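Take a look at the letters that make up each chain.
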Amino acid sequence: ESMKSVVRAQEQLRQDGKVQVPFFWLHGVQDSIVLYPSASRGYQIVAGPKSEEKPYPEAMHELFNELNTDEVLADVCDFIQRSVLDPEPTAGLR
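As the structure is a prediction and not an experimental result, all values here were calculated from the model.

## Thoughts on the packing of aromatic side chains
Counted under the stated rule, the structure contains four aromatic pairs. Look at Phe23 and Tyr43: their rings are 5.7 Å apart centre to centre, the planes differ by 40°, and that puts the pair in the tilted class. Residue Phe23 is found in strand β1 (residues 23-28), and its partner Tyr43 is found in helix α2 (residues 36-46); the two are separated by 20 residues along the sequence. Its relative accessible area of 24% is what places Phe23 among the partly exposed residues. Take Tyr43: its relative accessible area is 5%, and that puts it in the buried class. Seen in terms of ring centroids, Phe24 and Phe79 are 4.7 Å apart; in terms of plane orientation they differ by 15°. Their pairing is stacked. With Phe24 in strand β1 and Phe79 in helix α3 (residues 69-85), this pair connects stretches of sequence that are 55 residues apart. Here the two residues Phe24 and Phe79 agree in accessibility, since each one is buried. Joined through ring pairs, the aromatic side chains of Phe23, Trp25, Tyr36 and Tyr43 make up one cluster.

## So, the side chain of Thr69
For Thr69, the location among the structural elements is in helix α3. Residue Thr69 is classed as buried on the basis of its relative accessible area of 16%. Among the polar contacts listed, one links the side chain of Thr69 to the backbone oxygen of Phe64, at a separation of 3.3 Å. In this structure Thr69 touches Leu63 and Phe64, once residues within four positions along its chain are discounted.

## Side note on the environment of Leu67
Of note, Leu67 is situated in the loop between β2 (51-56) and α3. In sequence terms Leu67 and Pro49 are 18 residues apart; their C-alpha atoms lie 31 Å from each other.

## Examining the pairing of β2
Relative to β2, β1 is paired through six bridges, and the arrangement is parallel. For Phe23, the partnering residue across the bridge sits in β2 and is Ser51. One crossover worth recording links β1 to the parallel β2 by way of α2, and it is right-handed.

## What to know about the confidence of the model for the protein chain
On average, residues of the protein chain score 88 in pLDDT, and 94% of them reach the 70 mark or higher. Across the protein chain, the element-wise mean pLDDT spans from 78 in helix α1 (residues 2-16) up to 96 in β2.

Calculation notes
- Residues numbered from 1 in each chain as written.
- Predicted model: local features only at pLDDT ≥ 70, side-chain atom pairs only at ≥ 80, totals over all residues.
- Heavy atoms only, no water.
- Phe/Tyr/Trp six-rings, centres within 6.5 Å; stacked < 30°, edge-to-face > 60°.
- Helix = DSSP H or I, 4+ residues; strand = E, 2+ residues; numbered from the N terminus.
- Buried < 20%, exposed > 50% of the residue type's maximum accessible area, 1.4 Å probe, protein only.
- Polar contact = N/O pair within 3.5 Å; in protein donor to acceptor, adjacent residues only side chain to side chain.
- Contact = heavy atoms within 4.5 Å.
- Pairing = 2+ DSSP bridges.
- Right-handed = clockwise from strand over helix to strand, strands pointing away.
- pLDDT = per-residue confidence, 0-100.

Below you can see the structure in the form of structure tokens.
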């Protein structure tokens, strides 16, 4: 099911230029492998109406292995709950 969502998002991106499915982009601002400013610009180009950006100021590259892993996982679970499991059609995401 996850891969179907990825394929669907890729198809929509090719057609519309924006991701139309719920898309949660998270990034460590201190990442020295994929620099945050460049990655954020890329996110802004493809972000659609159901997209949300979450930078972590103190985190680096491996967000699920950082000191704030609990915060990251809670944010991911919250995004899934709000945008996939219990979406409100009138509530806009950031």
